[in-house]
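Chain and residue survey
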Amino acid sequence: MTSRPMTDLTTSPTTDPATATGLGSAPDILLFDMFGVIARHQTEDGKARLAAIADVPDSLFWDAYWGLRQPYDRGDIAGPTYWRQVANAVGADFGPAQIARLIEADIASWSAVDESMVALIEELAAAGRPIALLSNIPEELAAHYEERHTWLRHFRVRAFSCRIGHAKPEPGAYRWCLAALGAEPERVLFIDDREDNITAAEASGVRGHLFTTPARLRDALRLSV
């Protein structure tokens, strides 16, 4: 999550499954990003609701929302503190009730999942493929997903940024995952929809696949559609 969505990611050479995965030798562990891969990015309706609750100009609101997000995702601060910082940045004064509404709307805006990717996760788990998760996510949203999505149990490691103290693309996020998995970097394939996160993973020795569609990921993993 952490930073504003990037554009024109499909131009990267790593979007080619053959080069992105180096499938001359299959990876032992698949390390998945969540938002933009398994879960969807914010809906337009969800974004509009957030901005309406904040009641400040969109450009000011989204600059502050993304510019201050990393410490929130990393777990350095809690939701109310984050939203007070956003308010200060835009020259507003969010009261406790408004902050509660913003937290609820923020969670709702990130709550949609890609059912085809959930099905792929279930399929990989049923086949015995080791899978893990590395997601930039604040505590309130992590708790929301844990309460509602049983497919999370399939991941042998769930590296939520708010609980590991590192948020992508910080190198510590990838080092934490490798230590938790007890795996050599070259045996891990990291799947993410952001080029900067893939580049950072590859700098840690992990292989990367820049996610665009479930079908292309299946092709990269040599799975039938």
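**Describing helix α6 (residues 96-109)**
- Between its terminal C-alpha atoms α6 stretches 20 Å, which fits the 20 Å expected from 14 residues at 1.5 Å a residue.
- Tucked into the core, α6 has its buried residues touching α2 (44-54), α3 (58-67), α4 (69-74), α5 (79-90) and α8 (139-148).

**Considerations on the packing of aromatic side chains**
- Applying the stated criterion across every chain yields a total of 15 aromatic pairs.
- Ring centres 5.0 Å apart and planes at 70° place the aromatic pair Y82 and W83 in the edge-to-face group.
- For W83, a relative accessible area of 0% gives the class buried.
- Aromatic side chains Y174 and F190 sit 5.6 Å apart centroid to centroid with 80° between the ring planes, which places their arrangement in the edge-to-face category.

**Quick look at the nonpolar core**
- Counting 53 residues, the largest nonpolar core has F32, M34, I38, F61 and W83 as the members making the most contacts within it.
- W83 has contacts with L50, F61, Y65, F94, I99, L102, I103 and D106, leaving out every residue within four places of it along the chain.
- In terms of nonpolar packing, the next biggest core, distinct from the first, is built from 20 residues, L31, A173, A183 and V206 among them.

**Things to note about the environment of F211**
- Looking at where F211 falls in the secondary structure, it is placed in the loop between β5 (207-210) and α12 (214-220).
- Judged by its relative accessible area of 7%, F211 is buried.
- In sequence terms F211 and I198 are 13 residues apart; their C-alpha atoms lie 9.7 Å from each other.
- Those residues in contact with F211 that sit more than four places away from it in its chain are G36, V37, M117, I191, D192, D193 and L217.

**A short note on the sheet that holds strand β2 (residues 131-135)**
- The five strands lie next to each other as β3-β2-β1-β4-β5, forming an open sheet whose pairing is parallel. Lying at the two open borders of the sheet, with one neighbouring strand each, are β3 (157-160) and β5. Mean inter-strand twist for the sheet, computed between neighbouring axes without regard to direction, equals 20°.

**Description of the pairing of strand β1 (residues 29-32)**
- Alternating residues of β1 divide into I29 and L31 and L30 and F32, and every residue in both groups is buried.
- Across four bridges, the pairing between β1 and strand β4 (residues 188-192) is parallel. Residue pairing in the sheet places L31 in a bridge with F190 of β4.
- Judged from the three bridges that link them, β1 and β2 form a sheet pairing that is parallel. Paired with L30 across the strands is I131, a residue of β2.

**Digging into the environment of L134**
- Mapping L134 onto the fold places it in strand β2.
- On the accessibility criterion, L134 (0% relative accessible area) is buried.
- Separated by 30 residues in the primary sequence, L134 and I164 place their C-alpha atoms 9.9 Å from one another.
- Those residues in contact with L134 that sit more than four places away from it in its chain are L31, F32, D33, M34, A159, I164, K168, A173, Y174, C177 and F190.

**Notes on the packing of α3 against α5**
- Between α3 and α5, the least distance of the axes is 9 Å, while the angle of their chain directions is 135°. Considered as vectors, α3 and α5 are oriented oblique to each other. Here the hand of the crossing between α3 and α5 comes out right-handed. Contacts between α3 and α5 involve L60, F61, A64 and Y65 from the former and Y82, W83, V86, A89 and V90 from the latter.
- The class makeup of the residues in the contact of α3 with α5 is nine nonpolar, no polar and no charged.

So, how was this worked out
- Residues numbered from 1 in each chain as written.
- Predicted model: local features only at pLDDT ≥ 70, side-chain atom pairs only at ≥ 80, totals over all residues.
- Heavy atoms only, no water.
- Helix = DSSP H or I, 4+ residues; strand = E, 2+ residues; numbered from the N terminus.
- Expected span 1.5 Å × (residues − 1).
- Contact = heavy atoms within 4.5 Å.
- Phe/Tyr/Trp six-rings, centres within 6.5 Å; stacked < 30°, edge-to-face > 60°.
- Buried < 20%, exposed > 50% of the residue type's maximum accessible area, 1.4 Å probe, protein only.
- Core = buried A, V, L, I, M, F, W, Y, C linked by side-chain atoms within 4.5 Å.
- Pairing = 2+ DSSP bridges.
- Axes fitted to C-alpha atoms, helices over the stretch in contact; angles between N-to-C directions.
- Parallel < 35°, antiparallel > 145°, perpendicular 65-115°, else oblique.
- Left-handed = near helix turned anticlockwise from the far one by under 90°.
- Nonpolar A, V, L, I, M, F, W, Y, C, P; charged D, E, K, R; others polar.

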